[in-house]
Amino acid sequence: MATGRTHRPATRSRGIPEATVARLPLYLRALTALSERSVPTVSSEELAAAAGVNSAKLRKDFSYLGSYGTRGVGYDVEYLVYQISRELGLTQDWPVVIVGIGNLGAALANYGGFASRGFRVAALIDADPAMAGKPVAGIAVQHTDELESIITGNGVSIGVIATPAGAAQQVCDRLVAAGVTSILNFAPTVLSVPEGVDVRKVDLSIELQILAFHEQRKAGEGERVALPIEGGDLEPSPGGSRGTEGERVALPIEGGAQAGPMARAGQDTGAAAGGRQQGPDGDVPAVMPA
Ligand SMILES: NC(=O)c1ccc[n+]([C@@H]2O[C@H](COP(=O)([O-])OP(=O)(O)OC[C@H]3O[C@@H](n4cnc5c(N)ncnc54)[C@H](O)[C@@H]3O)[C@@H](O)[C@H]2O)c1
């Protein structure tokens, strides 16, 4: 039923797919490491391995940049660093504000990696009057009353939200009204923004939940092979026997029905612990086999 037209990958205005844009920072990180070691050229295979990406995908991604490398030589590291930095808009300085200077906001303010990548922390903003004027990472915290003037005065277009979830939407609305068009949201809530505003969400607990899901699956695979009910008369195959993996994958409990909803539930809701809450031993699957 799907039509090609509705399933085209999302692209940015200059025709680079969003998925490619999302991989550019991975290439840049790997290339920067090569550049620091004064490596002049790199093959697509080496770079793909360093970036953790498939090499065919890398070549396709670079074709969007008009970079094809030289057969037998590879890609010029310095030129690619420049090209990707330019594509990502990193050849200019980006003033950033962080709102919510608690544990996380202070840690972000102290992180040296922003400045070295062209992101200058222009201001730290907090609603707590007791915080106003206190230095964090060498910058005096400013009160939220000054949010709008800080944004306009510093030409800030990127805001980082590190407030409690309940305050995040209101902070977001104020940032956007003041002129911010890109938001990095650490608060565990979904933000509504008008057309033209980009939001990136970082949630470490969701990443942990996804890892927990995979851990559960790994543990489940080991245990379930020993259960006679799973495959009727299926006996665990002797170690290394060729059929073992295929047989286990064919069991209903191991299939996609479990993977999809659980993974999605973790991402959509951000609910603590996801499917692992369902049984005291943590091994009750979200979708029971018929
Ligand atoms: N994304 C992640 O991986 C991750 C990791 C840790 C924490 N968090 C989230 O980050 C947020 C901050 O966590 P924390 O541990 O630093 O909390 P915290 O309580 O230490 O700090 C929150 C700060 O926000 C300030 N604040 C509250 N309302 C505000 C408002 N309307 N405007 C401006 N500032 C306001 C508070 O005064 C406080 O200084 C929380 O939402 C937390 O759930 C996310």
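By the naming in an unreviewed UniProt entry, the protein is Redox-sensing transcriptional repressor Rex, taken from Streptomyces palmae. Per UniProt, the comment on the protein under Subunit (unreviewed entry) is "Homodimer." Regarding the protein, the UniProt comment filed under Subcellular location (unreviewed entry) reads as follows: "Cytoplasm".

With that settled, the discussion passes to the nonpolar core. The biggest cluster of nonpolar side chains holds 30 residues, and the ones touching the most others in it are V97, I98, V99, L124, V160 and I161. With sequence-adjacent residues up to four places away left out, I98 is seen in contact with G105, L108, A109, V121, L124, V160 and A162. Core analysis: the second largest hydrophobic core is formed by 16 residues, L28, L34, L47 and L80 among them.

This part covers the packing of helix α1 (residues 18–36) against helix α4 (residues 77–87). Contact pair α1 / α4: the axes reach a minimum separation of 9 Å and the direction vectors enclose 145 degrees. You can see that α1 and α4 cross each other, and the crossing is left-handed. Counting all contacts with α1, which are made through L24, Y27, L28, L31, T32, L34 and S35, the residues of α4 involved are V77, E78, L80, V81, I84, S85 and E87. Its residues placed into classes, the contact of α1 with α4 shows nine nonpolar, three polar and two charged.

Its identity is not glycine, yet S38 carries a phi of approximately 55 degrees, on the positive side. Of note, S38 is situated in the loop between α1 and β1 (41–42). The residue A137 is not glycine, and still its phi comes out positive at about 55 degrees. Position of A137 among the secondary structure elements: in the loop between β5 (135–136) and β6 (139–143).

Rules used throughout
Residues numbered from 1 in each chain as written. Predicted model: local features only at pLDDT ≥ 70, side-chain atom pairs only at ≥ 80, totals over all residues. UniProt positions renumbered as here; feature names shortened; annotations may be inferred. Core = buried A, V, L, I, M, F, W, Y, C linked by C-beta atoms within 7 Å. Buried ≥ 20, exposed ≤ 12 C-beta atoms within 10 Å, placed from the backbone. Contact = placed C-beta atoms within 7 Å. Axes fitted to C-alpha atoms, helices over the stretch in contact; angles between N-to-C directions. Helix = DSSP H or I, 4+ residues; strand = E, 2+ residues; numbered from the N terminus. Left-handed = near helix turned anticlockwise from the far one by under 90°. Nonpolar A, V, L, I, M, F, W, Y, C, P; charged D, E, K, R; others polar.

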